[in-house]
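If you want the building blocks of each chain, they are given just below.
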Amino acid sequence: MKKFLLVLLVLLLILGGGVFYVYQNLESIVKTAVNKYGSQVTGTEVTLGGFQLSPLKGEAALQNLRVANPQGYQEPHILSVGAVYVKLNVKSLLEPVIVVEEIRIDKPAIAYELKDVTKNNVSELLANINKNTAKPADTAAKEPAAPETAKSDGGAGKKVVINVLSVTNGEINLAASLAGKGANAAIPLPAIELKDIGREKGNEGK
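Presented here is an overview of the structure given in this document. The shown structure was predicted, so the numbers you read here are calculated from the model rather than taken from an experiment.

About the criteria used
Residues numbered from 1 in each chain as written. Predicted model: local features only at pLDDT ≥ 70, side-chain atom pairs only at ≥ 80, totals over all residues. Heavy atoms only, no water. Phe/Tyr/Trp six-rings, centres within 6.5 Å; stacked < 30°, edge-to-face > 60°. Lys NZ or Arg CZ within 6 Å of the ring centre and 35° of its normal. Helix = DSSP H or I, 4+ residues; strand = E, 2+ residues; numbered from the N terminus. Contact = heavy atoms within 4.5 Å. Expected span 1.5 Å × (residues − 1). Buried < 20%, exposed > 50% of the residue type's maximum accessible area, 1.4 Å probe, protein only. Arc of directions from axis to C-beta. Polar contact = N/O pair within 3.5 Å; in protein donor to acceptor, adjacent residues only side chain to side chain. Salt bridge = Lys/Arg side-chain N within 4 Å of Asp/Glu carboxyl O. Patch = residues over 30% accessible without salt bridge, like charges linked within 9 Å, V, L, I, M, F, W, Y side chains within 5 Å. Areas by Shrake-Rupley, 256 points an atom, 1.4 Å probe, with all protein chains shown as cover.

Throughout the structure, instances matching the rule amount to 0 aromatic pairs. The ring of Tyr73 has Lys115 sitting right over it, with the charged end atom 4.7 Å from the ring centre.

Looking at the element boundaries, Val164 is found in strand β6 (residues 159-168). Sequence separation between Val164 and Val100 is 64 residues; the distance between their C-alpha atoms is 8.0 Å. Setting aside residues up to four positions removed in sequence, Val164 forms contacts with Glu101, Glu102, Ile103, Glu193, Leu194 and Lys195.

Compared with an ideal rise of 1.5 Å per residue, which puts 13 residues at 18 Å, helix α3 (residues 121-133) spans 18 Å between its outermost C-alpha atoms and is within 8% of the ideal. Every buried residue of α3 is accounted for by Asn121, Leu125 and Asn128. One side of α3 carries all its buried residues, which in axial view fall inside an arc of 55 degrees. Exposed and oriented more than 90 degrees from the buried face of α3 are Asn130 and Lys131. Where α3 is buried, its residues contact α2 (26-42), β2 (59-68), β3 (77-88), β4 (97-116) and β5 (119-120). Its side-chain oxygen placed 3.1 Å from the backbone nitrogen of Val122, Asn120 serves as the N-cap of α3.

Let us look at the pattern of salt bridges. Summed over the entire model, instances satisfying the criterion amount to 5 salt bridges. Glu59 serves as the salt-bridge partner of Lys87, at 4.0 Å between the closest nitrogen and oxygen. Taken as a pair, Lys87 in strand β3 and Glu59 in strand β2 lie far apart in primary sequence, 28 residues in all. For Glu59, a relative accessible area of 23% gives the class partly exposed.

Here we come to a nonpolar patch on the surface. Together, Val90, Leu93 and Leu94 make up an exposed nonpolar region whose accessible area comes to about 290 Å². Along the polypeptide, Val90 turns up in the loop between β3 and β4.

Glancing now at unusual backbone geometry. As a rule of thumb, non-glycine residues mostly have phi less than zero, and peptide bonds are mostly trans rather than cis. At Asn64, a residue that is not glycine, the phi angle is positive and equals roughly 55 degrees. Inspection of the secondary structure puts Asn64 in strand β2. Taking the relative accessible area as the measure of exposure, Asn64 reaches 37% and is therefore partly exposed. One non-glycine residue, Asn169, lies in the positive phi region at around 60 degrees. Mapped onto the elements of the fold, Asn169 is located in the loop between β6 and β7 (171-178). Exposure remark for Asn169: the relative accessible area of 52% places this residue in the exposed category.

What follows concerns α2. Taking 1.5 Å per residue as the helical rise, α2 with its 17 residues ought to reach 24 Å, and the 23 Å between its terminal C-alpha atoms agrees with that figure. For α2, the set of buried residues is Leu26, Gly38, Ser39 and Thr42. Looking straight down α2, one finds that the buried residues subtend no more than 160 degrees of arc, so they occupy a single side. Among the residues trailing α2, Gly43 stands out with phi positive, at a value near 75 degrees.

Remember, this is a structural readout, not a statement about activity or role.
This is the structure:
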């Protein structure tokens with residue numbers, strides 16, 4: 001019995017040490033993962049400046065997300081976001097409705113750039129994503145259909161409600177380089193605030 005308890009204690013210490021290491025190095029781990037896998041999916045460089053997570057408070061924040069333009073375009077980034085803050089009602093994770101109390105997005109910027117009358121950066125990035133996420137035809141054909149997940153509420157999965165979604169300081173950059181001539185213009189976007197996303201009218205519950 002003593003030997004069993006000793007082994008259990010050692011395993012708990014190893015597990016606790018692993019959790020502590022991951023938590024202490026979470027920002028670096030997430031930034032590396034975003035850079036690696038985001039870049040693989042988009043075919044361009046994806047970087048994340050910072051990431052913070054407070055699981056007990058249900059809060060997460062990221063800073064300076066950048067998605068580089070495909071090659072051949074003059075703008076350095078097709079998408080950049082200054083900051084994103086998310087506040088989740090942790091208790092709602094155990095409820096039928098998951099409540100996101102707040103999402104704040106600050107300084108989103110999208111660059112739409114024409115290379116010629118048939119080519120633009122958005123279409124090329126979407127083509128990259130489709131190509132890099134598509135399953136091989138033979139693999140997809142052989143894979144059995146995923147079984148439907150059992151639902152506990154008559155066939156409907158968990159709902160998600162967002163109390164407040166706000167977007168501030170956004171802008172769209174329009175650029176074109178046609179017939180050897182370049183032109184660009186920045187269009188600021190009005191502040192956006194949406195409330196009760198996903199909540200049925202007349203339902204004030206969680």
